[in-house]
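These are the residues of each chain, in order.
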Amino acid sequence: MLRILDARTAKGRRDLEGILSKRRGAPDFETLREILPVVEEVLRKGPKPLARFVRRFDGVSLPPKKLLVDPARGPALKVDPKFVRAFRLARRRIESYHRQQRPSGFSFRDSVGVRFVEKPFPLESVGVYVPGGRAFYPSSLLMGAIPAQVAGVPRIVVATPPRAYLASAELRWALRELGIREVLLAGGAHGIAGLVSVAGCAKIVGPGNRFVAAATHLVSGLVSVDLPAGPSEVLIVASGDARADLVAADLLAQAEHDPDAVGLVFTNSERLARAVARETAAEVETFPEKSVRAVMRASLRRNGAIVVFPGIDEAVSAGLRAAVEHVQVMGKSAERAGRGLVATAGALFLGSTTPTAFGDYVAGPNHVLPTGGAARSFSGLSVRDFLRWGRSIEVPPRAARRIGPAAATLARFEGLVAHERSVLRRLS
């Protein structure tokens, strides 16, 4: 079920490259073609086609005027006190972490007297997509809404499938707890388009399936979106002294997401590689639900591997090149060598008592992270993603005379005569 590759051989290196290159595939053109008519109609015509697609895809009939609802309205909600305590703990920790990300901007005057100001302004509205196909994901709501609130965004609209909203008292309670006053009852690609044309949001964030990802790509020319998101992935860099049962547990936590989820182990120990393969195969059978076991097996078979390197430094170097969404480092020598993995990891989890699952819920940093190698150029979601930077420049007369001739010269060499004249009139 879980392959063991030997990076010390040419075949092992080729097999590893095959796994990594599959993560960096071309855009999903088939899904883009499939959803294009849906997204286009909702963008052009708004609530009426959106209501039709909600009835078709979400299986719920709603009049166009009832697509946007206020979760604060309605009777009191009774939810499990354990859920309340866990949700509030996660909220406090996530808020505390994201408050550290708030930037302040700057103001200065340069040597010739030109004055500059650059300061952050919150976006006026944000749409947060919260999946709801199989279950309610409170972590997605927290990770999307809290950094927007910390940034000062005055209006947050949550889009989620109507069945998830109507069936989950916990979801409605969580929305009230966060002070969300607008929910768009639409899932999938049509929900993403509705956040643009019906809710009028300036930015869209949040995870989803391939239809959601494709729709986010299509609307990215109209509004800002968060970051490239594909199937979730984990890389565990483990030296020989790591515990095989913990490595296996964290691989299965990743494989649980989706048949397309990626789970990799890079190690310098053949003994550990064999032990992890045995532990993983045995633990899969302990999960009671057949459907969960099937998803895990598919993920590990298609996209899972344990790769043995000559040494831990080579494993770390390969991890840097892979730029995986979640990177865990386990074992003493791996922990010493692996701290530099933070340079290209979506998020780095150091030590055997720091599983990715902590980052998913209560650690504090955002769990919306770049996948498929995109961590080489994208960072995880943060408060900074909900701000735009306003910039101003003020050139007084004396400074204009100092820098104007150079500007006029450059304009003339570019053949832009009106630009040159605009500058010269300030110099007369």
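These figures come from a predicted structure and were not determined experimentally. (Residues numbered from 1 in each chain as written. Predicted model: local features only at pLDDT ≥ 70, side-chain atom pairs only at ≥ 80, totals over all residues. Heavy atoms only, no water.)

### Some details on the overall build of the chain
Quick reminder of the rule: Here a strand is any run of E in DSSP of at least two residues, a helix any run of H or I of at least four, and the numbering for each starts at the N terminus. Surface accessibility follows the Shrake-Rupley procedure with a 1.4 Å probe radius. Residue values consider only the protein chains on display as shielding. Think of it this way: Lys and Arg go in the positive column, Asp and Glu in the negative one, and His and the chain ends go nowhere. By convention, the charge on Lys lies at NZ, on Arg at CZ, on Asp at CG and on Glu at CD.
Looking only at helices and strands, one finds 17 helices and 15 strands in the chain. Dimensions along the principal axes, computed over C-alpha positions, put the chain at roughly 85 × 60 × 40 Å. Put simply, the chain shows about 21,200 Å² of open surface, and 54% of that area lies on carbon and sulfur atoms. Between the averaged position of the 62 positive side-chain charges in the chain and that of its 40 negative side-chain charges there is a distance of 6 Å.

### Comments concerning the sheet that holds strand β6 (residues 156-160)
What counts, and what does not: Pairing between two strands is assigned when DSSP locates at least 2 bridges connecting them.
Reading across the sheet, the six strands line up as β2-β7-β6-β5-β8-β9 and stay open at both edges, with mixed pairing between neighbours. Of all strands in the sheet, those bounded by a partner on one side alone are β2 (68-69) and β9 (224-225). Two strands pair when backbone bridges link them, and β6 and strand β7 (residues 182-185) are joined in this way by four bridges, in the parallel orientation. The residue of β7 that forms the bridge with A159 is L184.

### Topic: the pairing of strand β11 (residues 262-267)
As a reminder of what qualifies: Exposed residues in this analysis have more than 50% of their type's maximum accessible area, buried residues have under 20%, and partly exposed residues fall in between, with area computed by a 1.4 Å probe over protein chains only. Handedness of a crossover: with both strands directed away from the viewer, a clockwise path from the first strand across the helix to the second marks it as right-handed.
With respect to burial, β11 is a largely interior element, six of its six residues being buried. Residues V262, L264 and F266 of β11 are buried on one face, and the alternating residues G263, V265 and T267, pointing to the opposite face, are buried as well. Crossover handedness for the path strand β10 (residues 233-238) to helix α10 (residues 244-255) to β11: right-handed. Examined bridge by bridge, β11 and strand β12 (residues 304-308) share five bridges and lie parallel to one another. Residue pairing for β12: F266 is matched across the bridge by V307.

### Let's talk about the environment of L50
Selection rule: Note on definitions: a residue-residue contact is assigned when non-hydrogen atoms from the two residues lie within 4.5 Å.
Along the chain, L50 falls in helix α3 (residues 47-58). For L50, a relative accessible area of 0% translates into the label buried. With 62 residues separating them in the primary sequence, L50 and V112 have C-alpha atoms 56 Å apart. Excluding anything up to four places from it in sequence, L50 contacts V42, L67, L184, A186, H190, G191, G194 and V198.

Any functional reading would require information that these geometric values do not contain.
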